[in-house]
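Letter by letter, the chains look like this.
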Amino acid sequence: SPLVPAFMPIACRIEPGGAARRGVLGWARRSWADVRRIEDVPVGVLLSPYARRHWLDASRGLTLPMPRPRRAELAALVRECWSAHER
């Protein structure tokens, strides 16, 4: 069971109100108001509810996996949507 996420397809969605990731158990959503920091991680980007690195990032944050060839482009799009919400 710990390897299931490696074999299951994951869909991500970026919307004006926030971001969402569909996994094995359904959709996990985060509104932009709940995101305090976006950090690059090896598989994509982490949307964290904490302004600085926190030990709960792994469980409270939302990781959006991205394909390596388009990772920079997609991460920039996520940051753009987040910063547009902050204004």
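Our structure is the block above this text.
Predicted model, so just to flag it, every value in this text is computed and none were measured.

Judged by side-chain polarity, Met8, Val24 and Leu25 come together as a nonpolar surface patch covering roughly 360 Å² of accessible area. Assignment of secondary structure puts leucine 25 in the loop between strand E2 (18-23) and strand E3 (26-31).

Another aspect to go through is the nonpolar core. The biggest cluster of nonpolar side chains holds 13 residues, and the ones touching the most others in it are Trp32, Ile38, Val45, Leu47, Leu64, Met66 and Val78. Every element with two or more residues in this core is listed here: strand E5 (44-48), strand E6 (62-65) and helix H3 (71-86). Top element by residues in this core is H3. It accounts for 4 residues. In this view, tryptophan 32 contacts Ile14, Glu15, Pro16, Gly17, Gly18, Ala19, Leu47, Val78, Cys81, Trp82 and His85; residues no more than four positions away in its chain are not counted.

The rules we used
Residues numbered from 1 in each chain as written. Predicted model: local features only at pLDDT ≥ 70, side-chain atom pairs only at ≥ 80, totals over all residues. Heavy atoms only, no water. Patch = residues over 30% accessible without salt bridge, like charges linked within 9 Å, V, L, I, M, F, W, Y side chains within 5 Å. Areas by Shrake-Rupley, 256 points an atom, 1.4 Å probe, with all protein chains shown as cover. Salt bridge = Lys/Arg side-chain N within 4 Å of Asp/Glu carboxyl O. Helix = DSSP H or I, 4+ residues; strand = E, 2+ residues; numbered from the N terminus. Core = buried A, V, L, I, M, F, W, Y, C linked by side-chain atoms within 4.5 Å. Buried < 20%, exposed > 50% of the residue type's maximum accessible area, 1.4 Å probe, protein only. Contact = heavy atoms within 4.5 Å.

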